[in-house]
Every structure is written in C-alpha cells, then in structure tokens.
Amino acid sequence: MTKTTNDLAIEVTGLRKSYGDKTVLDGIDLSVPAGTVFSLLGPNGAGKTTAVQILSTLISPDAGQLRVGGHDLATEAQAVRAAIGVTGQFSAVDGLITGEENMLLMADLHHLSRREGRRVAAELLERFDLTEAAKKPASTYSGGMKRRLDIAMTLVGNPRIIFLDEPTTGLDPRSRHNMWNIIRGLVAGGVTVFLTTQYLEEADQLADRIAVLNGGRLVAQGTAKELKRLVPGGHVLLRFAEPRSYESAALALRDATRDDESLSLQIPSDGTQRELRAILDWLDSAAIEADELTVHTPDLDDVFFALTSHTDTPVPAAAGAQKENVR
C-alpha cells in the first residue's frame, strides 16, 4: 500500500549540497515511513553525515524539498527540532559531571520543570540500566554505557524521530547487540529511527528499508532482501566423498562448475526452497549421495561492494557470505 504524506516521518526530494566545487549530495530522494528503521549505508565520505546534519537542521541544503515530522525544513525548522532527537558520531556526554547531571542538564534545555526533569531522568536512567552508575562521573563509564547515556539524553524531549549517526562505532560486540535491542525497543514504541552505519550486519538486523549512498548519489534502495537480489552469485555447492559419485553428478549436471581437486560442484541458484528441493530430489532419484551441501546467498557485504566498487574510498572488510550447511 502506498504511504500517504501523514504516514511518512521523513520526505526528501532533490536534496543537494556542495562545498565549493565538491558535490556532497547530488539529488537525493528519500521516503521514510513513520515507526520504522531506515538505514543509510555508504563508505566514508559518501555524504551520510551531511544528510543527517541537513535533516536535523544543523546545516542548510543548497536545494531540495524536505519535510521531517510533517514540517517543512525550510520554513518550520523550529517545529522540526521539537520533533527530533540526534545522537551523533561523537558522544554529547559531558564526562566531568555525573550521568544523572547530564540527564538533568538535558531536561533544563527542554524547559522541563525541576520535578518533571528528575522524573524523566530517573525513568530513562532505569530504562537504560544506568541507575547504579547515575551518581558517578560519566568519564568513568565504558564506551557502551556512554552510548546508552547519549541515547537516553536524546530521549529526554520525547522525540518521535531519532537520527542515529553510526551509533555503535567503536563498541564491542556485546555492547553493539545491546544497542540493537535498544533501537528495536524504540521502534516498538512508535519512534522512527534514521540510522547511518558502516556495519552491514547492523543494517541487515535492524532496518526495514536500506539506501546505499555512494559519491553523493543513491545507488540503490529497498529492503535487505530486495537489495540482495541485485547481486548475482548465488549457488549451491555439492561436495562428494568419493570420485564415482562426483563424476556421475558432474556428467548429469552440465551447468555445474567442477572442482576436481575438492570433488565439488557449484550449481548456479537463487537459494530458493524450490531449487534446493529440486537438487535434493534429483540426487535421491539418481541414487547419488553428496557428502555436503552448502547454500550460498549474496548478503549485504556483496551488495555493498558491488554498488560502491568504483569508489577509491576504503570500505569495511567483508564479513563473508551467508551459508547454510546440510550434512
């Protein structure tokens, strides 16, 4: 069903931004449904942070029609600010004061009464498992704790749209997974999350829709599943324990790529259940037993490299393709 204007938390048409003769964003179009996670991917220098800074009113675009939270960015910037929260790449936490004092400072900035500010601060500190550390200087917090405090501070104003600019950079795997659970909880409560990240697994795990930005242009948009379909290379790999079975299978499966050294056959496949069943049925009917069957389907790493391969900017190392082994 097509989303109406009221269903969209963010609408962007023709967004452009340049610095001198360098074009950072070159005609960007985005639509982010309310209550979803939208992830913007791209290598360093692709324009992700610039897009967040424009949408959060920190800098002005050169051109484009932009609406955030139902408000026109050009004429209703203050209303946009009232509807959003921003957690940038670098923590806004003041390490010289306690976690609680950081929260109360944000409450003051949002003009909450003293009583209301303390109530909101206490609730958020408990929600983010920071109550025990609330009286300690924020400089003593771990990276994960500081990031949780950062997001808790962002929520003091009860924003309905949150921009998270690479929120898990530098966090250990456990802290990263904790942050994912926090983001899922925000969305379950009706919050819209605009997420930029270089961790492709993060986008795969969290995002309802993903856009890939490269060289200032959007090169693809869609769900993770839709983007993975853009990349060829899916296949089924059959390994055999003994040469006779291998030769029989290779003779019948003429489209397969042979590897005589490992006694394996690579069969082009999109990894669907129908294709997998057909291969298994054929093996059964021919009385051929494969020692191992591996399904390879393209993942977001494959998509990222395929769509950004022409850039000279360093990109994250591939985590490897998704595999499912059947023995």
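An account of the accompanying structure is given in this report. (Residues numbered from 1 in each chain as written. Predicted model: local features only at pLDDT ≥ 70, side-chain atom pairs only at ≥ 80, totals over all residues. Heavy atoms only, no water.)

Now for the nonpolar core. Counting residues in hydrophobic clusters, the biggest one holds 49 residues, and the most contacted among them are Met-103 and Leu-149. Considering every element that reaches this core, the biggest residue donor is helix α6 (residues 173-188), with six residues. With 27 residues, the next largest nonpolar core counts Ile-28, Leu-55, Val-68 and Val-80 among its residues. (Core = buried A, V, L, I, M, F, W, Y, C linked by side-chain atoms within 4.5 Å. Buried < 20%, exposed > 50% of the residue type's maximum accessible area, 1.4 Å probe, protein only. Helix = DSSP H or I, 4+ residues; strand = E, 2+ residues; numbered from the N terminus.)

Attention now goes to the side chain of Thr-57. Residue placement: Thr-57 occurs in the loop between α1 (48-55) and β4 (63-68). Classification of Thr-57 by relative accessible area gives buried; the value is 16%.

With mixed pairing, six strands are arranged side by side in an open sheet as β6-β7-β8-β3-β9-β10. Whereas interior strands pair on both sides, the edge strands pair on one side only; in this sheet they are β6 (84-87) and β10 (217-222). Strand after strand, the sheet turns through a mean of 15 degrees between neighbouring axes, direction not considered. In the packing of α1 onto the sheet, contacts are made with β3 (37-41), β6, β7 (161-165), β8 (192-197) and β9 (209-214), and the angle to β8 comes to roughly 150 degrees. Relative to the sheet, helix α11 (residues 300-308) contacts β9 and β10, its axis offset from that of β9 by approximately 35 degrees. (Pairing = 2+ DSSP bridges. Axes fitted to C-alpha atoms, helices over the stretch in contact; angles between N-to-C directions. Contact = heavy atoms within 4.5 Å.)

On the secondary structure map, Val-191 appears in the loop between α6 and β8. The exposure class of Val-191 is buried, given its relative accessible area of 6%. Setting aside anything within four residues of it in sequence, one finds Val-191 in contact with Gly-35, Thr-36, Pro-159, Arg-160, Ile-162 and Leu-186.

What follows deals with the packing of aromatic side chains. Overall, the coordinates contain four aromatic pairs when judged by the stated rule. Where Phe-163 meets Phe-194, the ring centres are 5.4 Å apart and the plane angle is 50 degrees; that geometry is what we call tilted. Linking Phe-163 in strand β7 with Phe-194 in strand β8, this pair joins segments that are 31 residues apart in sequence. Of the two residues, Phe-163 and Phe-194, neither departs from the other in class, the shared state being buried. (Phe/Tyr/Trp six-rings, centres within 6.5 Å; stacked < 30°, edge-to-face > 60°.)

For Asp-129, which is not a glycine, the phi torsion comes out positive at approximately 55 degrees. Among the structural elements, Asp-129 can be located in the loop between α4 (114-127) and α5 (143-154). Despite not being glycine, Leu-263 has its phi angle at roughly 55 degrees, a positive value.

Of all the five residues making up β7, five are buried; the element is thus mostly covered by neighbouring parts of the structure. A two-sided burial pattern is seen for β7, the buried positions comprising Ile-161, Phe-163 and Asp-165 on one face and Ile-162 and Leu-164 on the other. Relative to β7, β6 runs parallel, the two being bridged by four bridges. Residue pairing for β7: Thr-87 is matched across the bridge by Leu-164. In the sheet, β7 pairs with β8 via five bridges, with the strands oriented parallel.

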